[in-house]
Amino acid sequence: MRYYAMIKYCCSSTTASGSSISIISEAQTQDAKVNEIPAFCKEEVSFLSISKDKRMAATLGLISMLCCVMLFPRLHAVILYTESNSSSSPIANLTLNPEKLKLTWDSSVTVTEYTCSMKAGKRVVRKTVYNKTCMFSISQAKPIHKGALFQVQATYNNTFYSGEGRFIPQGMNGTSVENFSCVIYNISFMNCTWEAGRNAPEDTQYFLFWQYSKEEDEQECPHYVRDAPGRHIACSFQDVKDIKNTVYFLVNGSSNESEIQFYDEYIALYEIEKLTPPLNITVSCSEDRAECIVQWKWPQLSHLEGNGDGCFEYQIDIQNKKTNANPKESCNECPTVTETSYTFQNYNGEKKYSLQIRAKGDTCRISQNWGEWSEPIEFGTDGNPDDAVLTYETVLLLIALGTILVALVIFFLCKRYCSLKKLFSPVPQPKNKFGELFQISDKNIQREWMDLPPTKYETEEITTVEEIK
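Throughout, residues of each chain are indexed from 1 in the direction in which the sequence is written. At least 70 in pLDDT is required for a residue's local features to be given in this predicted model, at least 80 for side-chain atom pairs to be given and counted, and no such filter applies to totals for whole chains, interfaces and linings, which use all residues. Water and hydrogen atoms play no part in the side-chain values, which are based on all heavy atoms of the structure.

(A) How the structure looks around the overall build of the protein. A tally of helices and strands in the protein yields 4 helices and 26 strands. For the protein, the computed accessible surface area is about 29,100 Å², with 51% contributed by carbon and sulfur atoms. Here a helix means four or more residues in a row that DSSP labels H or I, a strand means two or more in a row labelled E, and each is numbered from the N terminus. In these tables, accessible area is a Shrake-Rupley quantity obtained with a 1.4 Å probe, and a residue counts as shielded only by the protein chains included in the view.

Written out as structure tokens, the structure is:
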């Protein structure tokens, strides 16, 4: 029967706080007790295949491996190691650092070439190395929150040898985060959201870490968003750079009631970017040709080098403003082009139109999801050709009424609070010397007339003689 020696590291921030060593048989590897690692334990877990008569010596050899240093977030898991059936296999002491995805092993013979592989689900990654260390980069690695199988293979003296370590995540099922997603918007802002596991205890708290390279340390979320009970449910990032690269995300959790499963994912940042609208949109219409030429520039991107022509696909949404057809969210019939111009046919100068454009990546390393719509741009007239004349007449009428109203207000205010003589004082006239002369002459004539003695009138008698026949 094959036996396994299991060592569990339980580390604080800088020193080991405890450990446990046990010998289990191959049949016992499925026992639930094998998976009982305290929530505060982490770092490397090694399993050595040993024979029955040598297990005590192996146990004593493992005692010297108790100390570890916490450099990364906790991953609650165990690793089961097995080797090929040959008792003389040169591959031994396979060890995995799960956060670094780094495999190390010993070899009793000199082998110049090894093949290491990582299998997560149905996806397998293989690479060739020339020493006893194999590290999978972020661009090669796959998520391991559902478990993974790591293998090392070598050939010596025409004999094939192999060893493998099975990574088994720990924790109660249904406690890891669900519906994890991230989106980049406004060029350099990123927002990641998730939901608590359906079986997670109420006191569960989640923590998000991200990493650009396996050779670098993880960085924790700078700004968490909390729900009403205070649990982390989202994280916001600012000034995100290197959007063309792939980033590793890890969400682990802690609880006083049970061990929480972790969740990890590799995301190419450019694939989750919400593109900004196209820039400098212009419309030039010709009623003679009954068409409009629409032109624009490609969206602004932080990681696009050189000319962006040919990297985008554009969708144009032109609607009759009165009918308001083709809602943007289901714009299946909207035309798409790869150039930065579009000719709108059947233009009717008596109608008013609304134009919007959005973009997505076509051939370059740009998000394949449709970006944001541009602000509506209107062109054309508003349906009835007499509307413009009617509007002009209405404006003139309003101006006339406004003028009259202002004049009336001023008039009543002046009548109430001020005098017209103050407002309209008489204009001084030049002195008329000839008028004074005439006035003096008239006075003298009147005075002379008044000084004349009164005229005496004599009475005359008139006798009328009639002839009598």
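(B) Structural detail: the state of the cysteines. Throughout, disulfides are identified as pairs of cysteine sulfur atoms within 2.5 Å of each other. Inspection of the entire model under this criterion finds 5 disulfides. Two residues, Cys285 and Cys292, share a disulfide whose sulfurs are 2.1 Å apart. Judged by the sign of its S-S torsion, about 110°, the bond between Cys285 and Cys292 is right-handed. Cys292 sits in the buried class, given a relative accessible area of 0%. Here the term buried applies to any residue with accessible area under 20% of the maximum for its type, exposed to any over 50%, and partly exposed to those in between, with areas from a 1.4 Å probe on protein chains only.

(C) Broad picture of the UniProt feature "transmembrane region" (unreviewed entry) in the protein. UniProt positions are given in the numbering used here, feature names are shortened, and annotations may be inferred rather than shown by experiment. The UniProt feature table records "transmembrane region" (unreviewed entry) at residues 57-81 and 395-414. In this annotation, residues 395-414 is assigned 100% helix and 0% strand; the end-to-end C-alpha distance for the span is 29 Å.

(D) Seen up close, unusual backbone geometry. With phi around 55°, Asn93 is a residue other than glycine that occupies positive phi space. Along the chain, Asn93 falls in strand β5 (residues 91-97). You can call Asn93 partly exposed: its relative accessible area is 33%. Of note in the backbone geometry, Ala290 takes a positive phi value of approximately 55° without being a glycine.

(E) Molecular detail of the sheet that holds strand β15 (residues 219-220). Strand pairing is defined by DSSP finding a minimum of two bridges between the two strands. Strand order in the open sheet formed by 4 strands is β15-β14-β18-β19, with antiparallel pairing between adjacent strands. Here the strands that pair on one side only, and so sit at the sheet edges, are β15 and β19 (263-268). When strand β14 (residues 205-211) meets strand β18 (residues 246-254), the two strands line up antiparallel, connected through 7 bridges. Within β18, the residue paired with Gln205 across the bridge is Ser254.

(F) Focus on the pattern of salt bridges. Salt bridge criterion: a side-chain nitrogen from Lys or Arg within 4 Å of a carboxyl oxygen from Asp or Glu. Under the definition given, this model contains 4 salt bridges. Glu178 is paired through a salt bridge with Arg198; the nearest N and O atoms lie 2.6 Å apart. Placement of the pair is Glu178 in strand β12 (residues 178-185) and Arg198 in the loop between β13 (189-195) and β14, with a sequence separation of 20 residues. What makes Arg198 exposed here is its relative accessible area of 64%. With its nearest N and O atoms 4.0 Å apart, the salt bridge here joins Lys241 to Asp239. Overall, the relative accessible area of 52% leaves Lys241 in the exposed class.

(G) Structural view of the packing of aromatic side chains. Only Phe, Tyr and Trp rings are paired, with Trp represented by its six-membered ring, and only when their centres lie within 6.5 Å; those with planes under 30 degrees apart are stacked, over 60 edge-to-face, the remainder tilted. Across all of its chains, the model carries 20 aromatic pairs by this definition. Measuring from centroid to centroid gives 6.2 Å for Phe344 and Phe379, while their planes differ by 80°, and the two rings are edge-to-face. Of the two residues, Phe344 is situated in strand β24 (residues 341-345) and Phe379 in strand β26 (residues 377-380); the sequence distance between them amounts to 35 residues. For the residue pair Phe344 and Phe379, the accessibility class agrees, reading buried in each case. Ring geometry for Tyr353 and Phe379: centres 5.3 Å apart, planes at 20°, overall stacked. Linking Tyr353 in strand β25 (residues 352-361) with Phe379 in strand β26, this pair joins segments that are 26 residues apart in sequence. Taken as a pair, Tyr353 and Phe379 share a single burial class, namely buried.

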